[in-house]
Amino acid sequence: MDVKIEQSWKRELADEFASDYFARLAAFVRDAYSRGVVYPPGKYIFEAFNRTPFDKVRVVVIGQDPYHNPGQAHGLCFSVPNGVELPPSLVNIYKELEMEFGGDFRSRGGDLSKWADQGVLLLNATLTVSGGANMAGSHQGRGWERFTDAVVRRLASGRERLVYMLWGGYAQRKASFVDRSRNLVLECAHPSPLSAHRGFFGCGHFRKANEYLAANGLGRIDW
C-alpha cells in the first residue's frame, strides 16, 4: 500500500510504516480493496491525518470503525459527506452542540471537515471496513488498532495542552495513558442512541474544550 499521508505524520509514524505488522496490514488492505467493496474510498484512508497535521492538532476525538454503508465513510470519525443522511450518533452530537451553543447544527450537513481543518483530529481506531450489512468491525484485529494506538502515543508524548474528547469506554481505554496534568481529558458516554442519555447529553464538552483552548492562548474551535 503506497501510503499517501501528510508529511509531519509520515515523519512521526515512520517506525510504524517500516514495521512488519504494518507490512502485513498493508497487504491485507490491498487484498480487501481488490476483492470487494471497502470503505472509505482508498484516497480517504488517511484523511484525518491529511487534514490535521501533527503540529496543528488541538482536539482529539476517537471513534471506532468507519461507517460501512455506501456513501458514508470519508476518513473522519462520525462525519459523512454533505447530502448523506446524518447517522444517529452524529445527530446526537449536533443535539449536544445545540444545547451548548443554540442554533440549528443538524441542518448544516454531516461533513465535519471544517473541524478537522481547525485542528480536530477525527480518528477512527480502525481505518477501513468491508462494505455491506453486518460488516461493522470486519477489519478489526488486523493491525489498525496498533497503528492508531501509536498515533495517540505520539500525541501524548510529543504534544501537550490538547483536548481529548473520549466518548464511551472504547475511546477512554485507548487514551487511558494521556497525562491529565498536561492536557484536558473529557470523558462521557458515547453519543450512540443506546447510550447518549447516560451522560453524553449535557456533557458540555464542546464548550469546555473551547474554554481550555482559549485559556491556553490556542484559540477556540468554530464548531
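Up top is the structure.
Since this is a predicted model, take the numbers as computed values, not measurements.

A. Region of the structure containing helix α9 (residues 205-215). Of the residues making up α9, those classed as buried are H205, F206, A209, N210, Y212 and L213. In an axial view of α9, the angular spread of the buried residues amounts to 165 degrees, which keeps them on one side of the axis. Close packing links the buried residues of α9 with β2 (59-63), α5 (88-101), α6 (113-117), β5 (163-167) and β6 (184-188). Positive phi shows up at G217, right after α9, with a value of about 70 degrees.

B. View of the sheet that holds β6. Sheet architecture is open: 4 strands sit in the order β3-β2-β5-β6, paired in parallel fashion. Sheet topology places β3 (120-124) and β6 at the edges, where each strand pairs with a single neighbour. For this sheet, the mean inter-axis angle between neighbouring strands, taken without regard to orientation, is 15 degrees. Pairing of β2 with β5, which is carried by 3 bridges, proceeds in the parallel orientation. Directly across from V59, in β5, lies its bridge partner V163.

C. Molecular detail of the environment of R182. Turning to its location among the elements, R182 is positioned in the loop between α8 (169-174) and β6. A residue is classified by how much of its surface remains accessible, and R182, at 28% relative accessible area, is partly exposed. If sequence neighbours within four positions are ignored, R182 has contacts with A156, S157, R159, E160, R161, L162 and Y212.

D. The arrangement of the pattern of salt bridges in detail. Here the structure, examined in full by the defined rule, presents 9 salt bridges. Two residues, D222 and K114, come together in a salt bridge whose shortest N-O distance is 3.6 Å. Placement of D222 in the segment after α9 and of K114 in helix α6 is noted, with a sequence separation of 108 residues between them. The class for K114 is partly exposed, based on a relative accessible area of 40%. Between R180 and E187 there is a salt bridge, with the nearest N and O atoms lying 2.8 Å from each other. Judged by relative accessible area, which is 47%, R180 ranks as partly exposed. Each of E47, R51 and D117 takes part in a single network of salt bridges with overlapping partners.

E. Region of interest: the nonpolar core. Counting residues in hydrophobic clusters, the biggest one holds 70 residues, and the most contacted among them are W9, F147, L155, Y164, M165 and W223. Setting aside residues up to four positions removed in sequence, Y164 forms contacts with V60, V152, L155, A156, V178, N183, L184, V185 and L186.

F. Representation of the layout of surface pockets. When its volume is computed, the largest pocket comes out at roughly 540 Å³. Around the largest pocket, the lining is made up of 30 residues, and of these Q64, D65, P66, Y67 and F78 lie nearest the centre. Among the secondary structure elements, those contributing two or more residues to the lining of the largest pocket are β2, α5 and α8. Broken down by element, the lining of the largest pocket gets its largest block of residues, 3 residues, from α8. Of the residues contributing to the lining of the largest pocket, the split by class is 16 nonpolar, 13 polar and 1 charged.

G. Up close: the packing of aromatic side chains. Within the structure shown, the criterion is met by 21 aromatic pairs. Look at F49 and F147: their rings are 6.1 Å apart centre to centre, the planes differ by 65 degrees, and that puts the pair in the edge-to-face class. Pair noted here: F49 is in helix α4 (residues 47-51) and F147 is in helix α7 (residues 144-158), with a separation of 98 residues, a long-range link. For F147, a relative accessible area of 0% puts it in the buried group. Aromatic side chains W144 and F147 sit 5.9 Å apart centroid to centroid with 70 degrees between the ring planes, which places their arrangement in the edge-to-face category. Here W144 pairs with F147, and both are found in helix α7, just 3 residues apart, close to one helical turn. In this structure, W144 and F147 share a single accessibility class: buried. One aromatic cluster is present, built from ring pairs that chain together W9, F17, Y21, F22, F46, F49, F54, W144 and F147. Lying across the ring of F105, R108 places its NZ or CZ 4.0 Å from the centre.

The rules behind these values
- Residues numbered from 1 in each chain as written.
- Predicted model: local features only at pLDDT ≥ 70, side-chain atom pairs only at ≥ 80, totals over all residues.
- Heavy atoms only, no water.
- Buried < 20%, exposed > 50% of the residue type's maximum accessible area, 1.4 Å probe, protein only.
- Helix = DSSP H or I, 4+ residues; strand = E, 2+ residues; numbered from the N terminus.
- Arc of directions from axis to C-beta.
- Contact = heavy atoms within 4.5 Å.
- Pairing = 2+ DSSP bridges.
- Axes fitted to C-alpha atoms, helices over the stretch in contact; angles between N-to-C directions.
- Salt bridge = Lys/Arg side-chain N within 4 Å of Asp/Glu carboxyl O.
- Core = buried A, V, L, I, M, F, W, Y, C linked by side-chain atoms within 4.5 Å.
- 1 Å grid on protein atoms, 1.4 Å probe; cavity = no way out; pocket = protein on both sides within 12 Å on 5 of 7 lines; lining within 4 Å.
- Points joined across faces, edges and corners; volume = space filled by probe spheres on them.
- Nonpolar A, V, L, I, M, F, W, Y, C, P; charged D, E, K, R; others polar.
- Phe/Tyr/Trp six-rings, centres within 6.5 Å; stacked < 30°, edge-to-face > 60°.
- Lys NZ or Arg CZ within 6 Å of the ring centre and 35° of its normal.

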